[in-house]
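# Coordinate analysis (summary)
So you can see what is in the structure, the chains are spelled out below.
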Amino acid sequence: MNIIKRFITFAIILFIVQGLWMGLELCFYGEIQPRIVDNVVGLILAISLFYNLKAWLILSTLRSRRKRTNADCNKKISGFAPAKER
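Description of the structure in this document. (Residues numbered from 1 in each chain as written. Predicted model: local features only at pLDDT ≥ 70, side-chain atom pairs only at ≥ 80, totals over all residues. Heavy atoms only, no water.)

What follows concerns the packing of aromatic side chains. Counting across every chain of the model gives two aromatic pairs. Ring centres of Phe50 and Tyr51 lie 5.2 Å apart, and the angle between their planes is 75°; this geometry places the pair in the edge-to-face category. Residue Phe50 is classed as buried on the basis of its relative accessible area of 10%. Taken together, the aromatic side chains of Phe10, Phe50 and Tyr51 make up a single cluster linked through ring pairs. (Phe/Tyr/Trp six-rings, centres within 6.5 Å; stacked < 30°, edge-to-face > 60°. Buried < 20%, exposed > 50% of the residue type's maximum accessible area, 1.4 Å probe, protein only.)

Once that is clear, we can look at a nonpolar patch on the surface. A cluster of nonpolar side chains, Ile3, Ile4, Phe7, Ile8, Ile12, Ile16 and Leu20, forms an exposed patch at the surface whose accessible area comes to about 750 Å². Among the secondary structure elements, Ile3 is positioned in helix α1 (residues 2–29). With a relative accessible area of 63%, Ile3 lands in the exposed category. (Patch = residues over 30% accessible without salt bridge, like charges linked within 9 Å, V, L, I, M, F, W, Y side chains within 5 Å. Areas by Shrake-Rupley, 256 points an atom, 1.4 Å probe, with all protein chains shown as cover. Salt bridge = Lys/Arg side-chain N within 4 Å of Asp/Glu carboxyl O. Helix = DSSP H or I, 4+ residues; strand = E, 2+ residues; numbered from the N terminus.)

The subject of this paragraph is α1. In a regular helix each residue adds 1.5 Å, so 28 residues correspond to 40 Å; α1 covers 40 Å between its end C-alpha atoms and thus fits that length. For α1, the set of buried residues is Phe10, Ala11, Ile13, Val17 and Glu25. Count one or two residues on from α1 and you reach Gly30, which has phi positive near 85°. (Expected span 1.5 Å × (residues − 1).)

Before going further, it helps to examine the side chain of Asp38. By the element assignment, Asp38 lies in helix α2 (residues 36–76). Among buried Asp, Glu, Lys and Arg side chains, Asp38 stands out as unpaired, with Arg35 the closest opposite charge at 4.2 Å. Those residues in contact with Asp38 that lie beyond four places of it in its chain are Trp21, Glu25 and Gln33. (Lys, Arg positive; Asp, Glu negative; His and termini not counted. Contact = heavy atoms within 4.5 Å.)

Function-wise, these values are silent; they only describe arrangement.
Below, the structure is given as structure tokens:
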């Protein structure tokens, strides 16, 4: 199931990159010009975006878990009270 999720995520990213690329070609050239270089650059960009998105999601999940764990630990410590302003 995990491989299917990854494939679908990559396909969505690839379609977004392809759509933006074709839209920019229409703006700049007035037509879509199919070239091998565009395909290679678009594929490299999509792979980079996929792995960066994956890393960002993992890091954000770990950070939120760490914050929850720290907050839970502070509540469980007996006699813990935040310092009051004088």
